[in-house]
Amino acid sequence: MPLAVATGIFIEFRYEGVPFWVHIDLGSSGELELNKEAFTPIFAGLQAQMNVGVSSLALFGLNAVDTFYTLNRPFKFGYGKYLIPTSPRIELQQEVEYARLGLGYLYQYNLIINSDAHEYILTPNKLPRITREEKDYGVVFYPVDGVHRIVRLSACENVFKYSFTLGEVIEKVDGQAVETLGDWCAIKTYVRAKADKGEALRLKIRGRKEECILQADFSPARSIIR
């Protein structure tokens, strides 16, 4: 059933009866990003993936470094009498003032923006839905001042094994100079494709003699939201 939401760029959603405002963010790659301070009491006690580093990546820059949580379990969200048929993945971020519903979630829908009526209409499309248990390496790197630095770490075996720290410089990926892989979007696509296939990712990090070999099928460590 179509989901029509009004009041311009902000809409009121509900999570188990609790209302909150959501900003439709067409420039975001996240699914549903919530302010950690405001929403921690609602999700307190649940298990989640803990991350350290920047919570948002974009071609225009980085957010501040933070500790934030990702919840992959299904949740019921809705507007008015409608429920969203596909549960969003949730990230609790300290620096997010309002909840943001981004392209990572919206790509599952046909989106119609009726500017005259100040209304968005979402209808499910036929694209495959996002899987909740995505393979990953637990490390995100990003171009900063001409080099590629680690900007996010997730609690997982890869990170524990090599004791990675934020800011370390990635010089090579799978034996190739990282610059030869293209821009950040191309590198992200390359890494995601390898993770989806379950292939190992080899990183040469400045100051380390040996390559770091990361496995894609790690089991994330679970932290309790407090």
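Now for a quick tour of the structure. (Residues numbered from 1 in each chain as written. Predicted model: local features only at pLDDT ≥ 70, side-chain atom pairs only at ≥ 80, totals over all residues. Heavy atoms only, no water.)

1. Examining the pairing of strand β3 (residues 18-25)
The pairing of strand β2 (residues 10-15) with β3 spans 6 bridges and is classified as antiparallel. Note that in β3 the partner of Glu12 across the bridge is Trp21. Taking the residues between adjacent antiparallel strands as the criterion, β2 and β3 are bridged by 2 residues, where Glu16 takes a positive phi near 50 degrees. Bridge analysis of β3 against strand β12 (residues 99-102) gives 4 bridges, and the strand direction is parallel. Of the residues in β12, the one forming a bridge with Val22 is Ala99. (Pairing = 2+ DSSP bridges. Helix = DSSP H or I, 4+ residues; strand = E, 2+ residues; numbered from the N terminus.)

2. Here we look at the packing of aromatic side chains
The full count for this structure, using the stated rule, is 3 aromatic pairs. When the ring of Tyr142 is compared with that of Trp184, the centres are 5.1 Å apart and the planes differ by 65 degrees; the resulting orientation is edge-to-face. Placement of Tyr142 in strand β15 (residues 139-144) and of Trp184 in helix α4 (residues 184-197) is noted, with a sequence separation of 42 residues between them. Neither residue differs from the other here; Tyr142 and Trp184 are each classed as buried. (Phe/Tyr/Trp six-rings, centres within 6.5 Å; stacked < 30°, edge-to-face > 60°. Buried < 20%, exposed > 50% of the residue type's maximum accessible area, 1.4 Å probe, protein only.)

3. Considering the environment of Arg206
Among the secondary structure elements, Arg206 is positioned in the loop between β19 (201-205) and β20 (212-214). Linking Arg206 and Lys172, residues 34 residues apart in sequence, is a C-alpha distance of 9.1 Å. Ignoring sequence-local partners within four residues, the contact set of Arg206 consists of Val147, Val169 and Glu171. (Contact = heavy atoms within 4.5 Å.)

4. Re the side chain of His148
With respect to the secondary-structure elements, His148 resides in strand β16 (residues 147-154). Given the relative accessible area of 9%, His148 is considered buried. What His148 contacts, discounting residues up to four positions off in sequence, is Phe141, Tyr142, Pro143, Glu168, Val169, Ile170, Val178 and Ile187.

5. Some details on α4
Across its 14 residues, α4 extends 20 Å between first and last C-alpha, which sits within 8% of the 20 Å expected from 1.5 Å per residue. For α4, the complete set of buried residues consists of Trp184, Ile187, Val191, Lys194 and Ala195. Projection of α4 onto a plane perpendicular to its axis shows the buried side chains occupying an angular sector of 100 degrees, all on one side. Of the exposed residues in α4, the ones pointing more than 90 degrees away from its buried face are Thr189, Asp196 and Lys197. (Expected span 1.5 Å × (residues − 1). Arc of directions from axis to C-beta.)

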